[in-house]
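# Residue-level structure breakdown
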There are 2 protein chains.
Amino acid sequence: MTAPATPRRRGRRPAGEDTRGAILAAALQEFAAKGYNGTTLRGIARAAGVDARLVHHYFEGKDDVFVQAVGFPVLPRQIAARLAGPGPDGIGERLVRTFFGVWESPGGRERAVALLSTVAGNPELTPILRDFISREILAPVAAMLGGDDPELRATLAASQMIGVLIVRAVVGVEPLASADVEDLVPLLAPTLERYLSGE
Amino acid sequence: MTAPATPRRRGRRPAGEDTRGAILAAALQEFAAKGYNGTTLRGIARAAGVDARLVHHYFEGKDDVFVQAVGFPVLPRQIAARLAGPGPDGIGERLVRTFFGVWESPGGRERAVALLSTVAGNPELTPILRDFISREILAPVAAMLGGDDPELRATLAASQMIGVLIVRAVVGVEPLASADVEDLVPLLAPTLERYLSGE
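Residues numbered from 1 in each chain as written. Chains lettered and ligands numbered in written order. Predicted model: local features only at pLDDT ≥ 70, side-chain atom pairs only at ≥ 80, totals over all residues. Heavy atoms only, no water.

The next point concerns the overall build of chain A. If you tally the helices and strands in chain A, you get ten helices and zero strands. Principal axes of the C-alpha set define a box for chain A whose edges measure 55 × 35 × 35 Å. Counting over 199 residues, chain A shows a buried share of 52%. Sequence-distant contacts, at least 24 apart, represent 61% of the contacts inside chain A between residues at least 6 apart. (Helix = DSSP H or I, 4+ residues; strand = E, 2+ residues; numbered from the N terminus. Buried < 20%, exposed > 50% of the residue type's maximum accessible area, 1.4 Å probe, protein only. Contact = heavy atoms within 4.5 Å.)

Attention shifts here to helix α4 (residues 62–70) of chain B. Taken across its nine residues, α4 of chain B has seven buried, putting it largely inside the fold. The set of residues buried in α4 of chain B consists of Lys62, Asp63, Asp64, Val65, Phe66, Val67 and Val70 of chain B.

Further remarks concern the interface of chain B and chain A. The interface is formed by 37 residues belonging to chain B together with 37 residues belonging to chain A. Together chain B and chain A conceal approximately 2900 Å² of surface at their shared face, both sides included; 73% is due to carbon and sulfur atoms. Area buried by chain B at its contact with chain A is led by Leu152, Val171 and Leu187 of chain B, which between them contribute 18% of it. Counting only elements with at least two residues in the side of chain B that touches chain A, the list comes to α7 (108–121), α8 (126–144), α9 (150–171) and α10 (181–197) of chain B. (Buried area = accessible area lost by both parts, 1.4 Å probe.)

On to the packing of aromatic side chains. All names here are of chain A. On inspection of all chains with the given rule, the structure shows 19 aromatic pairs over all chains. Centre to centre, the rings of phenylalanine 66 and phenylalanine 132 are 4.4 Å apart; their planes meet at 35°, and the pair counts as tilted. Remark: phenylalanine 132 occurs in helix α8 (residues 126–144) and phenylalanine 66 occurs in helix α4 (residues 62–70); sequence separation between them is 66 residues. Of the two residues examined, phenylalanine 66 and phenylalanine 132, each falls in the buried class. Every member of this aromatic cluster is reached through a ring pair, and the members are Phe31, Tyr36, Phe66, Phe72, Phe99, Phe100, Trp103 and Phe132. Between the NZ or CZ atom of lysine 62 and the centre of the ring of tyrosine 36, over which it lies, the distance is 4.7 Å. (Phe/Tyr/Trp six-rings, centres within 6.5 Å; stacked < 30°, edge-to-face > 60°. Lys NZ or Arg CZ within 6 Å of the ring centre and 35° of its normal.)

Right, here's the structure in full:
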């Protein structure tokens, strides 16, 4: 099995998973050495020994390489787009529903446990994860908000949902662990609405 | 260095840390084998090969053995006592201030990181931690609350503060990581007040 020479036209079954895996392994080393902000797709390609076009073939961008390397279940830019929705009203409920849509999908809890283990077991990932969260999740969300301290309020909203994920899906504390999403939405949505609206 | 024969009267410098450490090591095995609820101080003493009085000498109870074994920074029954405070008014702000009082003390962030690493690196601790949190933290707090679903609301309040701890102290996401506690209290207290008051 060899890597395809031209990524988008392939005459035979490609060594897709091998090449993709090699790119992800090289990417983790690049992120660890240069941080999230200092890593480029070109640098990842060089470290993996593949043509940069191959990286673009398998991944939508640096954020996509990162989320796939650490097992994050969704591209954050898709979250920001859904939150923006039809306008500012109801952003709290949209955040709760979007969040549960991601983590309550099949395998979501297992992914949450695996992600936490990866981060806790690899302390060198912490600053990279921090920069990724700041740049790819919080900055675009804060940019939609009005009021004072939008970055702080966006971070508090994230902290509430991360806490729910840890308590519900990772540690599994009842009655939160098996509460119905429809019972959680009216409890959580006003919290997020208040943080995000700044009122 | 030998363990003291009578715990509270000691003629010479005791092997305190050794004995205490042996009890903690035995306790972790007991908790792992029998769960939090199934473990007794007598069983811990037996597993450690010491007299049960010695366990009572070093620790205030099973909850104290557990918090010291996993590096939890405070005895939860002290938290519940402080939350009850002068009455139901202001319970949200008291929870925020009590929580920050514990985790913002010297070494608090390091303890948070160490605790998360211990839990993530030892999946067999997860059900034990879950039972500990339910029994020693959430049950006594829920017992003070009125309204519907007090256990669920207590768990949501815990999830908000655990999320803050992870984002602020473990991952260190700005601007939450270096925000002043006095700026966080007015943002977080209404969230907790609403969960805990059920209004």
